[in-house]
Amino acid sequence: MTVHYNLTFQLLAAEMIMFCLLVAPFPNVIRRKAFAFISRSRIVAKIAYAIKIAFIFVGILFVDAVQRMLGATSDAKQARIIRPADAGAHSALAAKRF
């Protein structure tokens, strides 16, 4: 499970760094050279391909998390029907949903 969190965090951190660099007020000469390098570099193309794969992986993890949350919600509804509200059971279901 730690690999998932590390991948997601590193992807988010890389996005924030790239956003800050692209928004930073650089002179037009530097900005044009940087964008020309990004558009023509094979290394950047390979990195972009790897990032696309990582986004697909994170998307699959998101879908899995939504399915688990929906399953926990349906378990919570069934638990309310079967037995009255219990503080310990309620907190366990809330933790499972989270």
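Residues numbered from 1 in each chain as written. Predicted model: local features only at pLDDT ≥ 70, side-chain atom pairs only at ≥ 80, totals over all residues. Heavy atoms only, no water.

As recorded in an unreviewed UniProt entry, the chain goes by the name BAP29/BAP31 transmembrane domain-containing protein, listed as coming from Amanita muscaria.

### Section: the overall build of the chain
Per the secondary structure count, the chain includes four helices and zero strands. Along the chain, helices (α) and strands (β) appear in the sequence α-α-α-α when read from the amino end. Relative to its 98 residues, the chain shows a buried fraction of 9%. (Helix = DSSP H or I, 4+ residues; strand = E, 2+ residues; numbered from the N terminus. Buried < 20%, exposed > 50% of the residue type's maximum accessible area, 1.4 Å probe, protein only.)

### As for the layout of surface pockets
It is the rolling of a water-molecule-sized probe over the atoms that shows where space remains empty. In this structure, the second largest pocket occupies an estimated 300 Å³ of space. Every element with two or more residues in the lining of the second largest pocket is listed here: helix H1 (2-23), helix H2 (28-40) and helix H3 (42-82). The element contributing the most residues to the lining of the second largest pocket is H1, with six residues. Residue composition of the lining of the second largest pocket, grouped by class: 12 nonpolar, no polar and one charged. (1 Å grid on protein atoms, 1.4 Å probe; cavity = no way out; pocket = protein on both sides within 12 Å on 5 of 7 lines; lining within 4 Å. Points joined across faces, edges and corners; volume = space filled by probe spheres on them. Nonpolar A, V, L, I, M, F, W, Y, C, P; charged D, E, K, R; others polar.)

### Considering the side chain of Ser41
Here Ser41 is to be found in the loop between H2 and H3. With a relative accessible area of 12%, Ser41 lands in the buried category. A distance of 3.4 Å separates a polar side-chain atom of Ser41 from the backbone nitrogen of Val44. (Polar contact = N/O pair within 3.5 Å; in protein donor to acceptor, adjacent residues only side chain to side chain.)

### So, the UniProt feature "transmembrane region" (unreviewed entry) in the chain
Mapped onto the present numbering, the UniProt feature "transmembrane region" (unreviewed entry) falls at residues 12-31 and 43-63. In residues 12-31, the share of helix is 80% and the share of strand is 0%. The end C-alpha atoms are 23 Å apart. The straight-line gap between the two end C-alpha atoms of residues 43-63 is 30 Å; of that span, 100% is helix and 0% is strand. (UniProt positions renumbered as here; feature names shortened; annotations may be inferred.)

### Some words on H2
The terminal C-alpha atoms of H2 lie 18 Å apart, and with 13 residues this matches the ideal 18 Å at 1.5 Å per residue to within 8%. By the criterion of burial, H2 is predominantly exposed, with just zero of the 13 residues buried. (Expected span 1.5 Å × (residues − 1).)

### Here's the deal with a nonpolar patch on the surface
Residues Ile17, Met18, Phe19, Leu21, Leu22, Val23, Phe26, Ile30, Phe35, Phe37 and Ile38 make up a contiguous nonpolar surface patch of about 1100 Å² in total accessible area. Elements that contribute at least two residues to the nonpolar patch include exactly H1 and H2. At six residues, the largest contribution of residues to the nonpolar patch is made by H1. Overall, the relative accessible area of 47% leaves Ile30 in the partly exposed class. (Patch = residues over 30% accessible without salt bridge, like charges linked within 9 Å, V, L, I, M, F, W, Y side chains within 5 Å. Areas by Shrake-Rupley, 256 points an atom, 1.4 Å probe, with all protein chains shown as cover. Salt bridge = Lys/Arg side-chain N within 4 Å of Asp/Glu carboxyl O.)

### Some details on the environment of Ile51
Mapped onto the elements of the fold, Ile51 is located in helix H3. In this structure Ile51 comes out as partly exposed when scored by relative accessible area, which is 35%.

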